[in-house]
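What follows is the residue order along each chain.
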Amino acid sequence: MGMANPHEPHFFKPLLPGFQSGVTIPLGFFSTHIEGKTNQKTWKLRSDASYITWEVIQEGRRLTRGWKDFTTAHDLRIGDFVIFKHEGDMVFHVTPFGPRCCEIQYTHPNIIKEEADADDAPSFSFDYCFLAEITASNLKEDKLRIRRHVLHQKRLEKVLS
């Protein structure tokens, strides 16, 4: 029996170029928890950043329509990654992490910034870092045991060219 709660299975995805057009559900997760288990084709995505629930359409093994709205609202970028935790009934709690494996914290949990002009984008999120031990069993089971460290750093709004 693994350490993770079997009733809240989860998977994580790195965000690669083109990630806004859709995300592919890992085969192992899909065949174990989705395929043949439900006729529901709408995933409900929740996060700690907002009280809104996003509805995203599952087509085959891909999440498509609605996913881009979620990524925009959460200011997700290439190099971030997201953990999807199934809370039951096709409701998934999504936790975004920054490229240094730091959980992205949003400063106002009830406010999602719709859009910011490139000129005056405020710095509105910061990274929450953790150290994780990578072991053979972590890799085999796709799990990480996380030790949190209270190390904050501002998320940069612009990449310097």
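Below: a short report on this structure. (Residues numbered from 1 in each chain as written. Predicted model: local features only at pLDDT ≥ 70, side-chain atom pairs only at ≥ 80, totals over all residues. Heavy atoms only, no water.)

## Brief notes about the pairing of strand S4 (residues 54-59)
As a reminder, the rule being used: When a residue's accessible area, from a 1.4 Å probe over protein chains only, is under 20% of the maximum for its type it is buried; when over 50% it is exposed; and in between it is partly exposed. Only DSSP runs of H or I covering at least 4 residues are called helices, and only runs of E covering at least 2 are called strands; the numbering of each starts at the N terminus. Strands are labelled as partners when DSSP assigns at least two bridges between them.
Judged by which residues are buried, S4 turns out to be one-sided: Trp54, Val56 and Gln58 face inward and are buried, whereas Glu55, Ile57 and Glu59, on the alternate face, are not. Strand direction decides the pairing type here: strand S3 (residues 42-46) and S4, joined by four bridges, are antiparallel. Its bridge partner lying in S4, Trp43 is registered against Val56. When S4 meets strand S5 (residues 62-63), the two strands line up antiparallel, connected through two bridges.

## Thoughts on the pattern of salt bridges
This is how it is decided: By convention in these notes, a salt bridge is any Lys or Arg side-chain nitrogen within 4 Å of a carboxyl oxygen on Asp or Glu.
Considering all chains together, one arrives at two salt bridges under this definition. Note that Glu87 and Arg46 form a salt bridge whose closest N and O atoms lie 3.0 Å from each other. With a gap of 41 residues between them, Glu87 in strand S6 (residues 81-88) and Arg46 in strand S3 connect regions that are remote in the sequence. Judged by its relative accessible area of 31%, Arg46 falls in the partly exposed class. Notably, a salt bridge pairs Asp75 with Arg77, separated by 2.7 Å at the nearest N-O pair. A relative accessible area of 19% means that Asp75 is categorised as buried.

## Digging into the nonpolar core
To keep it simple, the criterion reads: As used in this record, nonpolar core signifies buried Ala, Val, Leu, Ile, Met, Phe, Trp, Tyr and Cys residues forming a set joined through side-chain atoms within 4.5 Å. For this analysis, residues touch if any pair of their heavy atoms sits within 4.5 Å.
Counting residues in each nonpolar core, the largest one holds 25 residues, and the members touching the most others are Trp43, Leu45, Trp67, Phe84 and Phe92. Mapped onto this core, the elements with two or more residues apiece are helix H1 (27-34), S3, S4, helix H2 (67-73), S6, strand S7 (91-97) and strand S8 (102-106). In contact with Phe92, not counting residues within four places along its chain, are Phe29, Ile34, Trp43, Lys44, Leu45, Arg46, Phe84, Lys85 and His86.

## Topic: unusual backbone geometry
Positive phi, normally seen in glycine, also occurs at Asp89, with a value near 55 degrees. Relative to the helices and strands, Asp89 resides in the loop between S6 and S7. For Met90, which is not glycine, the phi dihedral falls at a positive 60 degrees. As for its placement among the helices and strands, Met90 is situated in the loop between S6 and S7. Taking relative accessible area as the criterion, Met90 reaches 4% and is therefore assigned buried.

## A short note on the side chain of Asp80
Note the following rule: Definition of a polar contact: a pair of N or O atoms within 3.5 Å, with one able to donate and the other able to accept a hydrogen when the atoms are protein atoms, and with sequence-neighbouring residues admitted only if both atoms are side-chain atoms.
Here Asp80 is to be found in the loop between H2 and S6. A distance of 2.8 Å separates a polar side-chain atom of Asp80 from the backbone nitrogen of Arg77.

## Points about H1
Owing to its 3.6 residues per turn, the α-helix aligns residues three or four sequence positions apart on the same side. Formally: Arc definition: directions from the helix axis to the C-beta atoms.
Taken residue by residue, H1 has Phe29, Phe30 and Ile34 as its buried positions. Looking down the long axis of H1, one finds its buried residues gathered within 100 degrees of arc, a one-sided arrangement. In the segment just after H1, Gly36 is the residue with positive phi, at about 75 degrees.

## Things to note about the packing of aromatic side chains
Under the convention used in this document: A pair of aromatic rings is counted whenever rings of Phe, Tyr or Trp (Trp by its six-membered ring) have centres within 6.5 Å, and the orientation is called stacked for planes under 30 degrees apart, edge-to-face for over 60 and tilted otherwise.
Under the counting rule described, the total for this entry stands at eleven aromatic pairs. Ring centres of Phe11 and Phe84 lie 4.7 Å apart, and the angle between their planes is 10 degrees; this geometry places the pair in the stacked category. Of this pair, Phe11 sits in strand S1 (residues 10-14) while Phe84 sits in strand S6, and the two are 73 residues apart along the sequence. Of the two residues examined, Phe11 and Phe84, each falls in the buried class. Ring geometry for Trp67 versus Phe70: centroids 5.6 Å apart, planes at 15 degrees, classification stacked. Taken together, the positions of Trp67 and Phe70, both in helix H2 and three residues apart, correspond to about one turn of that helix. Looking at Trp67, the relative accessible area reads 0%, which means it is buried. Here Phe70 falls in the buried class, since its relative accessible area comes to 0%. Among the aromatic residues, those joined into a ring-pair cluster are Phe11, Phe29, Trp43, Trp54, Trp67, Phe70, Phe84 and Phe92.

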